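Residues per chain, in single letters:
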Amino acid sequence: MSDVADAVVAREERGRVRAALARLPRRQAVALVLRHSGLSYAEVAAALDLSPGSVGTTVRRAESALREELNRHASSG
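What counts and how
The residue numbers shown here count from 1 along each chain, following its written sequence. With the structure being a predicted model, the display of local features is reserved for residues of pLDDT at least 70 and the display and counting of side-chain atom pairs for 80 or more, all residues being used for whole-chain, interface and lining totals. Only heavy atoms go into the side-chain values, all of them from the structure, while hydrogens and water stay out. By convention in these notes, a salt bridge is any Lys or Arg side-chain nitrogen within 4 Å of a carboxyl oxygen on Asp or Glu. A helix here means a DSSP run of H or I that spans at least four residues, while a strand means a run of E at least two residues long, and both kinds are numbered starting from the N terminus. The rule is simple: take the accessible area with a 1.4 Å probe, protein chains only, and divide by the maximum for that residue type; under 20% is buried, over 50% is exposed, in between is partly exposed. Working definition: the arc comes from the directions between the helix axis and the C-beta atoms, pointing outward to the latter. Helix axes are fitted only over the stretch in contact, all axes being lines through C-alpha atoms; the angle between N-to-C directions runs from 0 to 180 degrees. Left-handed describes a crossing whose near helix is turned anticlockwise from the far helix by less than a right angle; the clockwise case is right-handed. The contact criterion used is simple: two residues touch if any of their non-hydrogen atoms lie within 4.5 Å. The classification used treats Ala, Val, Leu, Ile, Met, Phe, Trp, Tyr, Cys and Pro as nonpolar, Asp, Glu, Lys and Arg as charged, and all other residues, Gly among them, as polar.

## Observations concerning the pattern of salt bridges
A side chain of one charge can pair with a side chain of the opposite charge if their charged atoms are brought near each other. Applying the stated criterion across every chain, the model contains 3 salt bridges. Note that Glu69 is salt-bridged to Arg72, the shortest N-O span being 3.2 Å. With Glu69 and Arg72 both in helix H4 (residues 52–76), this residue pair falls 3 residues apart, about one helical turn. Classification of Glu69 as buried rests on a relative accessible area of 10%. The exposure class of Arg72 is partly exposed, given its relative accessible area of 45%.

## Here's the deal with helix H3 (residues 41–48)
Those residues of H3 that sit buried are Val44, Ala45 and Leu48. Seen end-on, H3 carries its buried residues on one side only, within an arc spanning 100°. For H3, exposure combined with an orientation more than 90 degrees from the buried face picks out Ala46 and Ala47. One or two steps after H3, the chain reaches Asp49, where phi turns positive at roughly 55°.

## Observations concerning unusual backbone geometry
Despite not being glycine, Asp49 has its phi angle at roughly 55°, a positive value. Tracing the sequence through the fold places Asp49 in the loop between H3 and H4.

## Section: the packing of helix H2 (residues 26–36) against H3
Put simply, H2 and H3 touch, their axes get as near as 10 Å, and they point 145° apart. Helix-helix and strand crossings are classified by hand; for H2 and H3 the assignment is right-handed. Of H3, the residues touching H2 (which contributes Arg27, Val30, Ala31, Leu34 and Arg35) are Tyr41, Val44, Ala47 and Leu48. Counted by class, the contact of H2 with H3 contains 7 nonpolar, no polar and 2 charged residues.

What follows is the structure, encoded as structure tokens:
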């Protein structure tokens, strides 16, 4: 039974993260997903037509915005 409960919780958490990502500016959301999928800064930069130097800043801002979205909706949900 524990495995089923864990699976339900994991699915709900993924849904919360997807919903929060959808509320971010598109470029931030895509940069965050690409970077956390294993792409290098150069690959993310090429995919989004950014300079490689701005990828880190974009990803950090996206992580911060994602955290804020998750916290806001955790406290209001």
